[in-house]
Every structure is written in C-alpha cells, then in structure tokens.
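Spelled out, the chains give:
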Amino acid sequence: EAEVAQSPRYKITEKSQAVAFWCDPISGHATLYWYRQILGQGPELLVQFQDESVVDDSQLPKDRFSAERLKGVDSTLKIQPAELGDSAMYLCASSPVIAGANVLTFGAGSRLTVL
Amino acid sequence: AQSVTQLGSHVSVSEGALVLLRCNYSSSVPPYLFWYVQYPNQGLQLLLKYTSAATLVKGINGFEAEFKKSETSFHLTKPSAHMSDAAEYFCAVSVRGSYIPTFGRGTSLIVHP
C-alpha cells in the first residue's frame, strides 16, 4: 500500500538552530499539505501545495518557516531559527486532487523537540 | 469559516461497552465531515467520511457516524469497544471551494479491560 514518507521521525535541536523536514507524497498526488500538531491538539494547516505552487500559506509563520516543493513531488519544510514553541509533530499529507470529500493520506510525522 | 468542536478530551470505556465520541460542526454551507484515528507515534488514518450521499456512514473497524443537520452533529459510535480501539480520534470538516479539512482538538479513547 502506498504511503507518505517523512523524515526524520524524531529531531531534537536547540533553540536558534535550523531544522528541516522532508516529505515524499504518494505518487501521483498533486496536493501536498504540511500540518503542525501540538501535543494534545488537532493538526493545524501550515501550508498547502498544488503541484509546485503554494495554494494556502496564510498560517505559516513566514519569518522563520519556509516550505518548498520545487518539482511538484517531494517537499521540504524548514524552520530557522527554531524556538521553544515550535516543539510539535509536523505531519505531511497528500491527496489526489482538491475536490469533493478530499481525503488526506498522512505520513507518520516528524516529532520536533526544541531545547 | 468552518470549525468543529469535539466534546470531551478523554473518553473512557470498558471493553465491550458502547463507544460514543461527540463532534459538532459549524459551517455556513453544506459540509463534508470526516473522522480520523491516530495511533501513538503514527499519522492520521481515515475512519469514515460524510459526503451527503447518506446520513448514516459506516467506516472501518466497526465504527459508524450519523450526520444530523438539525443538531449540526456528526458523532462517532461503535457498539462494542476493543482494546485495540484505544487511540486519538479527530473529527474534521471541509467545504466546497476550499476542500482543506479543519480538525478538532481530538478525543483520546481509553479502553479498560
């Protein structure tokens, strides 16, 4: 069964350092999402891509976060500099198209701890 | 903007007992509704979805949910809980035009032997 791949699974860093997360969506899925899930809360959308274009990044803290999907396939989410409040699970998801009851397939996530 | 409210951050049941997880939504247009499950250290998996075809939706692992427009609810039920059902459950809503799901805060299901 096709999966959304994410790495690293776990990342511990000190504040002010740079971190990066990678996501490889299901082959053929045009839409890719990055969500942030703080412990005890639901996922919150950070950025959505349609192919290589950003559709929605209104909730992405652009002073420190950046995301790219250069060839419309895999994607990287970067945080620089990391802050204590960035400790969370970063979930990547993908879907075939943006339409109807849009079902997302999630990766296992990248858990970030900022010390 | 659409939103969901999940009543109860934790629900505890005995094995074999009825499971009821509550979700109320807010949307100015007809919604699409979803329930996802998250096991420890894993991503979210779809349990079921409502697309307006039928108000009672059956999902995987014996779960079902009923869409009640008058109550703006989409509660998740299972007749008999198994130990393996212990997980975090998220209700989500999306609407035409946006299609991006908005998630609730989640309900942790605890199953006692």
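For the structure, see preceding data.
Residues numbered from 1 in each chain as written. Chains lettered and ligands numbered in written order. Predicted model: local features only at pLDDT ≥ 70, side-chain atom pairs only at ≥ 80, totals over all residues. Heavy atoms only, no water.

Draft legend 1. The arrangement of the interface of chain A and chain B in detail. Facing 24 residues of chain A, the contacting portion of chain B comprises 19 residues. Carbon and sulfur atoms make up 60% of the area that chain A and chain B hide from each other, which totals about 1700 Å². Among the residues chain A hides against chain B, the three largest losses belong to A:Ala101, A:Val103 and A:Phe106. Together they make up 26% of the total. At the boundary of chain A with chain B, the tally comes to zero salt bridges. Our count for the contact surface shared by chain A and chain B stands at five residue pairs in polar contact (both at pLDDT 80 or more). Among the secondary structure elements, those contributing two or more residues to the side of chain A that touches chain B are β4 (31-37) and β5 (44-50) of chain A. The greatest single-element share of the side of chain A that touches chain B, amounting to three residues, is contributed by β4(A). In terms of residue class, the side of chain A that touches chain B is made up of 13 nonpolar, eight polar and three charged. (Contact = heavy atoms within 4.5 Å. Buried area = accessible area lost by both parts, 1.4 Å probe. Salt bridge = Lys/Arg side-chain N within 4 Å of Asp/Glu carboxyl O. Polar contact = N/O pair within 3.5 Å; in protein donor to acceptor, adjacent residues only side chain to side chain. Helix = DSSP H or I, 4+ residues; strand = E, 2+ residues; numbered from the N terminus. Nonpolar A, V, L, I, M, F, W, Y, C, P; charged D, E, K, R; others polar.)

Draft legend 2. Spatial organisation of the pairing of strand β11 (residues 110-114) of chain A. All names here are of chain A. Only one face of β11 is covered, namely the one carrying Ser110, Leu112 and Val114; the face carrying Arg111 and Thr113 has none of its residues buried. Inspection of the sheet shows strand β9 (residues 88-95) paired to β11 by three bridges, in the antiparallel sense. Paired with alanine 88 across the bridge in β11 is leucine 112. (Buried < 20%, exposed > 50% of the residue type's maximum accessible area, 1.4 Å probe, protein only. Pairing = 2+ DSSP bridges.)

Draft legend 3. The arrangement of the sheet that holds strand β6 (residues 56-58) of chain B in detail. All names here are of chain B. An order of β1-β3-β8-β7-β6 is seen for the five strands of this open sheet, with the pairing classed as antiparallel. The open sheet is flanked by β1 (3-7) and β6, the only strands paired with a single partner. Put simply, the sheet's adjacent strands are angled 20° from each other on average, direction ignored. Judged from the four bridges that link them, strand β3 (residues 19-26) and strand β8 (residues 73-78) form a sheet pairing that is antiparallel. Bridging from a neighbouring strand, asparagine 24 pairs with serine 73 of β8. (Axes fitted to C-alpha atoms, helices over the stretch in contact; angles between N-to-C directions.)

Draft legend 4. Examining the state of the cysteines more closely. Residue and element names in this part refer to chain B. Under the criterion given, the structure shown has two disulfides over all chains. Two residues share a disulfide in this structure: cysteine 23 and cysteine 91, whose sulfurs sit 2.0 Å from each other. Here the disulfide of cysteine 23 and cysteine 91 is left-handed, its torsion about the S-S bond being about -65°. In this pair, cysteine 23 is assigned in strand β3 and cysteine 91 in strand β9 (residues 87-95), connecting sequence segments 68 residues apart. (Disulfide = S-S within 2.5 Å.)

Draft legend 5. Highlighting the pairing of β5(A). All names here are of chain A. Most of β5 is tucked away, with five of its seven residues classed as buried. Following β4, the chain reverses through six residues before pairing antiparallel with β5; glycine 40 in that reversal takes a positive phi of roughly 85°. Summarising the sheet, β5 and strand β6 (residues 53-56) pair through three bridges and their orientation is antiparallel. Among the inter-strand pairings, phenylalanine 49 is bridged to a residue of β6, identified as valine 54. Turn length for the β5-β6 hairpin, with the two strands adjacent in sequence and antiparallel, is two residues, and the turn residue aspartate 51 shows positive phi of about 55°.

Draft legend 6. Spotlight on unusual backbone geometry. Each neighbour pair has its own omega, and for A:Ser7 with A:Pro8 the value is -10°, a cis peptide bond. Even without being a glycine, B:Asn41 presents a positive backbone phi close to 60°.

Draft legend 7. Representation of the sheet that holds strand β1 (residues 5-7) of chain A in the model. Residues and elements named next belong to chain A. Taken together, four strands build an open sheet; the order of strands is β1-β3-β8-β7 and the sheet is antiparallel. On the outer flanks of this sheet lie β1 and β7 (65-68), each paired with one strand and no other. Each strand axis lies, on average, 15° off the axis of its neighbour in the sheet, ignoring direction. Across three bridges, the pairing between β1 and strand β3 (residues 19-24) is antiparallel. Bridged to alanine 5 within β3 is aspartate 24.

In short, shape yes, function no, at least from these values alone.
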